[in-house]
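# Observations on the three-dimensional arrangement
These are the residues of each chain, in order.
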Amino acid sequence: MFYSRDDIDKLKNENVHLSAYYDMYFALREQQDSYKESIELPSINEAVIRQQILEGKPLLGNCGIDLTGLPILFMDLFNVYVRFTNMKSDDAIAAIEELKPDLVGVLEEFLFQKGITQMQALSADSIPAEILVFLIKNTLTPLVEKYSECINSAVDLDVWESGCCPICGHLPALAELKKTPSGRQRFLFCSLCHTPWPFQRLKCPYCDNVEDKETEYFSFPDEENFRVDVCNSCKTYIKTVINNNSDLSPVLLDWSSQNVDDSAARKGYKRAASM
Ligand SMILES: [Zn+2]
Ligand SMILES: [Zn+2]
């Protein structure tokens, strides 16, 4: 989804209290979109892709993706982040400088979910792990988005039954209930590449627990666009969009509804992944 400066200003006028989020999103997106244009992906074999999906394997395995250009984008995004937050930049810049030589390895480890040992070792006191994860995810965004867009036409997502993303294998961060002619259908959105895929309504995407009635959910009197679906087996929740009237991107939907996450946490449920 592409937002022009005018789109962002319109959103800001409609939701003044979210202005800072919208501005930061636009600034990050500018960097990501310009990087995205320069990405060249290895050629794609559609038959292999179809077979992998049928076997239930996410596609972004050993597909020869090149991460060596990403540290520059990481630094650009870090500078945007510092500009929009109260982060003490001297300490943070020192921590990031320390991280730089290992950045390609850290990004690769995160992308292919090889564990977070290297990242934990590198996250100094001056830069909290959640900020590092935020920056890493945003750095990988243009690459995984482009990969997803390139292979989407070769992928039949209706045969995919797993709770992890068919494209990159990461966990979903958001769900949406969309009106279709046959009733409401549930879609999940990947926390990394933002790809949506259809998913059973009665199943928890994180532990595969199937409820005999619809998974329990909470709605909020002052928030008509969201609810949270909770799983009492693994005690996680997924934030679910029930009205997307402004047609927001998954990232903006997530960022603009932190109050919903706060309510779910107060009820004792944890979040498995965020955007
Ligand atoms: Zn994904
Ligand atoms: Zn569960």
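Glancing now at the packing of helix α4 (residues 70-84) against helix α8 (residues 129-151). Packing of α4 against α8 leaves a shortest axis separation of 9 Å and a crossing angle of 125 degrees. The angle between α4 and α8 falls in the class oblique. Of the two elements, α4 crosses α8, and the hand of that crossing is right-handed. Between α4, through L70, L73, F74, L77, F78 and Y81, and α8, the contact on the second element is made entirely by L135, N138 and T139.

Now for the domain arrangement of the protein. One can read the domain layout of the protein as domain 1 (5-154) and domain 2 (157-271). Just the C-alpha atoms count here: the centres of domain 1 and domain 2 sit 22 Å apart. Across the boundary between the two partners, domain 1 contributes 18 residues, which contact 18 residues of domain 2. Taken together, the elements giving at least two residues each to the side of domain 1 that touches domain 2 come down to α2 (19-38), α3 (46-54) and α8. The element that contributes the greatest number of residues to the side of domain 1 that touches domain 2 is α8, accounting for six residues. Looking at side-chain class alone, the side of domain 1 that touches domain 2 contains twelve nonpolar, four polar and two charged residues.

Moving on, we come to the packing of α2 against α8. Close contact between α2 and α8 brings their axes to 9 Å; oriented N to C, the two are set at 45 degrees. With respect to α8, the element α2 is oriented oblique. Crossing of α2 against α8: the hand is right-handed. In contact with L28, Q32, Y35 and K36 of α2, α8 contributes N138, T141, P142, E145 and K146. Residues belonging to the contact of α2 with α8 are distributed by class as follows: three nonpolar, three polar and three charged.

Glancing now at the nonpolar core. The biggest cluster of nonpolar side chains holds 63 residues, and the ones touching the most others in it are L107, V144, I167 and C168. In terms of residue count, the dominant contributor to this core is α8 (eight residues). When residues of this core are assigned to domains, at least three map to each of domain 1 (5-154) and domain 2 (157-271). If near-sequence neighbours (up to four positions away) are discounted, C168 is found in contact with P58, L60, V144, C190, L192 and C193.

Reading the values: the criteria
Residues numbered from 1 in each chain as written. Chains lettered and ligands numbered in written order. Predicted model: local features only at pLDDT ≥ 70, side-chain atom pairs only at ≥ 80, totals over all residues. Axes fitted to C-alpha atoms, helices over the stretch in contact; angles between N-to-C directions. Helix = DSSP H or I, 4+ residues; strand = E, 2+ residues; numbered from the N terminus. Parallel < 35°, antiparallel > 145°, perpendicular 65-115°, else oblique. Left-handed = near helix turned anticlockwise from the far one by under 90°. Contact = placed C-beta atoms within 7 Å. Domains from an automatic or database assignment. Nonpolar A, V, L, I, M, F, W, Y, C, P; charged D, E, K, R; others polar. Core = buried A, V, L, I, M, F, W, Y, C linked by C-beta atoms within 7 Å. Buried ≥ 20, exposed ≤ 12 C-beta atoms within 10 Å, placed from the backbone.

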